[in-house]
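Coordinates in review
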Amino acid sequence: MKRKFLLCFTLIFLVVLVFSNDSKIFKALLESSEKLRTISCFIHMRDIERKSDVAFKFSYEREGGKMRIDYTYPKGMKGSTVAVDGEYFYMRFATFKKTVKKKLEKGKRNPPGSEMGSFFLYTTGDIDGLSSYSVKFIEDEKLKMKWDGVKFEPLTHHFILEKGKRKEEIWVDVKSLIPVKIKIYLNGKPKLEIEVFNVVLNEDIPDEFFRLD
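Residues numbered from 1 in each chain as written. Predicted model: local features only at pLDDT ≥ 70, side-chain atom pairs only at ≥ 80, totals over all residues. Heavy atoms only, no water.

Regarding the pairing of strand β13 (residues 189-201)
Put simply, the rule is: The pairing criterion for strands is at least two bridges between them, as found by DSSP. Runs of E in the DSSP output that reach at least two residues are strands. Runs of H or I that reach at least four are helices, and both are numbered from the N terminus.
Bridge analysis of strand β1 (residues 38-47) against β13 gives eight bridges, and the strand direction is antiparallel. The partner of isoleucine 39 across the bridge, within β13, is leucine 201. Inspection of the sheet shows strand β12 (residues 179-186) paired to β13 by six bridges, in the antiparallel sense. Among the inter-strand pairings, lysine 183 is bridged to a residue of β13, identified as glutamate 193.

Shown next as structure tokens:
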């Protein structure tokens, strides 16, 4: 009886210890998000349902919610740009050499970039959004990512986030504590896969960069 009690206590202790460590890692991710001012990176995004790829340079400034996306792939979108300066939404079509400018809708349900899931929540500092997921730590894992000649092989923390019908697998760079790979599932079906390369944090970005006048 004593041995069974000791074994049971040991198992409970190990579960609590693992849960505690998982919580600490995810808490560090949230703290990293809170400290973010700006981010610039390259993103490759694959629509698994449509079997299509898009790639772009991504820049974001927390203050004012400024954002810019410069497309590099596919060929038909190369040179096109989407930008938000906090007041206006811009889209420049490379093919037509034309820029569209619209007043930004405040409180829009699905703002530009929100399809990127937890990466977007991390970038915009939506701590409540990130914290609303149930979190399960899988393992530390070294990734091998490659797109158009660009390679990245970070050591990562692998998590699964779940909320309702939505599930995300995220791989968080151990050094920067930034999600660098995300797989998004809806209703159990894989929808999007996102890979993040060449991350630069908290460098000043001029306001003009987010305007396409």
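Let's pick the thread back up.
Details of the layout of surface pockets
Rule in force here: Cavities and pockets were defined on a 1 Å grid built from protein atoms only: a cavity is a group of points that admits a 1.4 Å probe but offers it no way out, a pocket is an open group of points flanked by protein on both sides within 12 Å along at least five of seven lines, and a lining residue is one with an atom within 4 Å of any such point. Grid points are joined across faces, edges and corners, and a volume is the space filled by probe spheres set on the points. Lys, Arg, Asp and Glu make up the charged group, whereas Ala, Val, Leu, Ile, Met, Phe, Trp, Tyr, Cys and Pro make up the nonpolar group; the residues left over, Gly among them, are polar.
If you add up the space inside the largest pocket, you get close to 600 Å³. A per-class count over the lining of the largest pocket returns 15 nonpolar, six polar and six charged. The space that makes up the second largest pocket amounts to roughly 340 Å³. Asp47, Arg50, Glu115, Lys191 and Leu192 are, among the 15 residues lining the second largest pocket, the residues nearest its centre. Within the residue set of the lining of the second largest pocket, elements represented by two or more residues are β1, β2 (52-61), β12 and β13. In the lining of the second largest pocket, the residues fall into five nonpolar, two polar and eight charged.

A closer look at the environment of lysine 51
Looking at the element boundaries, lysine 51 is found in the loop between β1 and β2. Sequence spacing of lysine 51 and lysine 191 is 140 residues, and the spatial spacing of their C-alpha atoms is 9.7 Å.

Regarding the packing of aromatic side chains
Condition: Two rings from Phe, Tyr or Trp (for Trp, the six-membered ring) form a pair when their centres sit within 6.5 Å of each other. Planes less than 30 degrees apart are called stacked, planes more than 60 degrees apart edge-to-face, and all others tilted. Charge-over-ring contacts are defined here by two conditions on Lys NZ or Arg CZ: a distance within 6 Å of the ring centre and an angle within 35 degrees of the ring normal.
Under the counting rule described, the total for this entry stands at ten aromatic pairs. Where phenylalanine 26 meets phenylalanine 159, the ring centres are 5.7 Å apart and the plane angle is 65°; that geometry is what we call edge-to-face. Of this pair, phenylalanine 26 sits in helix α1 (residues 2-35) while phenylalanine 159 sits in strand β10 (residues 155-163), and the two are 133 residues apart along the sequence. Put simply, the rings of Phe26, Phe137 and Phe159 touch in pairs and so form one group of aromatic residues. Here the basic side chain of lysine 163 rests over the ring of tyrosine 133, its NZ or CZ set 4.6 Å away from the ring centre. A cation over an aromatic ring shows up here: lysine 167 above the ring of tyrosine 185, its NZ or CZ 5.0 Å from the ring centre.

As for the nonpolar core
This is how it is decided: For our purposes a nonpolar core is just a set of buried Ala, Val, Leu, Ile, Met, Phe, Trp, Tyr and Cys residues, chained together by side-chain atoms within 4.5 Å. When accessible area is computed with a 1.4 Å probe and restricted to protein chains, residues below 20% of their type maximum are described as buried, those above 50% as exposed, and intermediate ones as partly exposed. Throughout, a residue-residue contact means that at least one pair of heavy atoms, one from each residue, lies within 4.5 Å.
Ranked by size, the top nonpolar core spans 44 residues in total, and within it Ile43, Phe56, Phe58, Met116, Phe119 and Ile194 carry the most contacts. Apart from residues lying up to four places away in sequence, phenylalanine 56 is in contact with Cys41, Phe42, Ile43, Met45, Ile69, Asp70, Tyr71, Thr72 and Met116.

Looking at the pairing of strand β3 (residues 66-73)
Most of β3 sits inside the fold, with six of its eight residues counted as buried. Pairing of β2 with β3 involves seven bridges; the strand directions are antiparallel. Following the sheet pairing, tyrosine 60 is matched in β3 by methionine 67. Relative to strand β4 (residues 81-84), β3 runs antiparallel, the two sharing four bridges. Bridge assignment links methionine 67 to a residue of β4, and that residue is valine 84.

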